[in-house]
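# Structural description and commentary
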Amino acid sequence: MVGNLISKEVNWSASDFLIAGALLFTTAFLINLVRSRIKKRYQRILISVFILLALALIWIELAVGIFGSPFAGN
């Protein structure tokens, strides 16, 4: 949000902030769910890393379109 206020190069709309918030909330919720339900430590770590990797791939796709999907605006 600060970048949006001080720079003309950052141009996020309200829907961009909404999507980013939804992605971050969902990620935090899923990791919290994994932490409370999964008992084995290595499984918790593995699933949490997978969730974070999915977040990163979705965020990157929405930002620059590395896969060229319709979600990226291509």
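Counting starts from 1 at the beginning of each chain's written sequence and moves along it residue by residue. This being a predicted model, a pLDDT of at least 70 is required before a residue's local features are given, and a value of 80 or more before pairs of side-chain atoms are given or counted; all residues contribute to the totals for chains, interfaces and linings. To obtain the side-chain values, all non-hydrogen atoms of the structure were included, while hydrogens and water were left out.

### Topic: the overall build of the protein chain
Rules: Helix and strand assignments follow DSSP, with helices taken as H or I runs no shorter than four residues and strands as E runs no shorter than two, numbered in order from the N terminus. Relative accessibility decides the category of a residue: with a 1.4 Å probe and only protein chains considered, values under 20% of the type maximum give buried, values over 50% give exposed, and everything between is partly exposed. In these tables, accessible area is a Shrake-Rupley quantity obtained with a 1.4 Å probe, and a residue counts as shielded only by the protein chains included in the view.
Looking only at helices and strands, the protein chain features three helices and zero strands. What you see in the protein chain, going N to C, is helices and strands ordered as α-α-α. In terms of overall dimensions, the protein chain has a C-alpha envelope of 45 × 25 × 15 Å along the principal axes. The buried share of the protein chain, taken over its 74 residues, is 15%. Carbon and sulfur atoms form 69% of the exposed surface of the protein chain, whose accessible area is close to 6200 Å².

### A short note on the environment of Leu52
Applied cut-off: What makes two residues a contact is simply this: any of their non-hydrogen atoms within 4.5 Å.
As for its position among the elements, Leu52 is in helix α3 (residues 41-64). You can call Leu52 partly exposed: its relative accessible area is 44%. A sequence separation of 28 residues divides Leu52 from Leu24, and the C-alpha atoms of the two residues are 9.9 Å apart. Those residues in contact with Leu52 that sit more than four places away from it in its chain are Thr27 and Ile31.

### What about the confidence of the model for the protein chain?
Stated precisely, the cut-off is as follows: pLDDT measures how confident the predictor is about each residue, on a scale from 0 to 100.
Residues of the protein chain with pLDDT of at least 70 account for 97%, and the chain-wide mean is 91. Helix α2 (residues 14-37) holds the highest mean pLDDT among the elements of the protein chain, 96, whereas helix α1 (residues 2-6) holds the lowest, 86.

### Describing the side chain of Ser48
So the rule is basically this: Whenever a nitrogen or oxygen atom comes within 3.5 Å of another N or O atom, the pair is scored as a polar contact, on the condition that within protein one atom can donate a hydrogen and the other can accept it, and that pairs from neighbouring residues in sequence are kept only if both atoms are in side chains.
Counting through the fold element by element, Ser48 comes out in helix α3. For Ser48, a relative accessible area of 13% puts it in the buried group. A distance of 2.8 Å separates the side chain of Ser48 from the backbone oxygen of Arg44, its partner in a polar contact. Not counting the four nearest positions on each side in its chain, Ser48 is found in contact with Ile31 and Val34.

### Describing α3
Let me state the cut-off plainly: Expected span of a helix, by definition, is 1.5 Å for each gap between consecutive residues, and there is one gap fewer than residues.
Here α3 is 24 residues long and its end C-alpha atoms lie 34 Å apart, about the 34 Å a rise of 1.5 Å per residue gives. The complete set of buried residues in α3 reads Ser48, Ile51, Leu55 and Glu61. Looking at the buried residues of α3, the elements they touch are α2. Looking one or two residues past α3, Gly65 carries a phi angle of roughly 75°, positive in sign.

### Some remarks on α2
Under the 1.5 Å per step criterion, the end-to-end length of α2 is 34 Å for 24 residues, consistent within 8% with the ideal 34 Å. Those residues of α2 that sit buried are Ala20, Leu23, Thr27, Ile31 and Val34. Each element contacted by the buried residues of α2 is listed here: α3.

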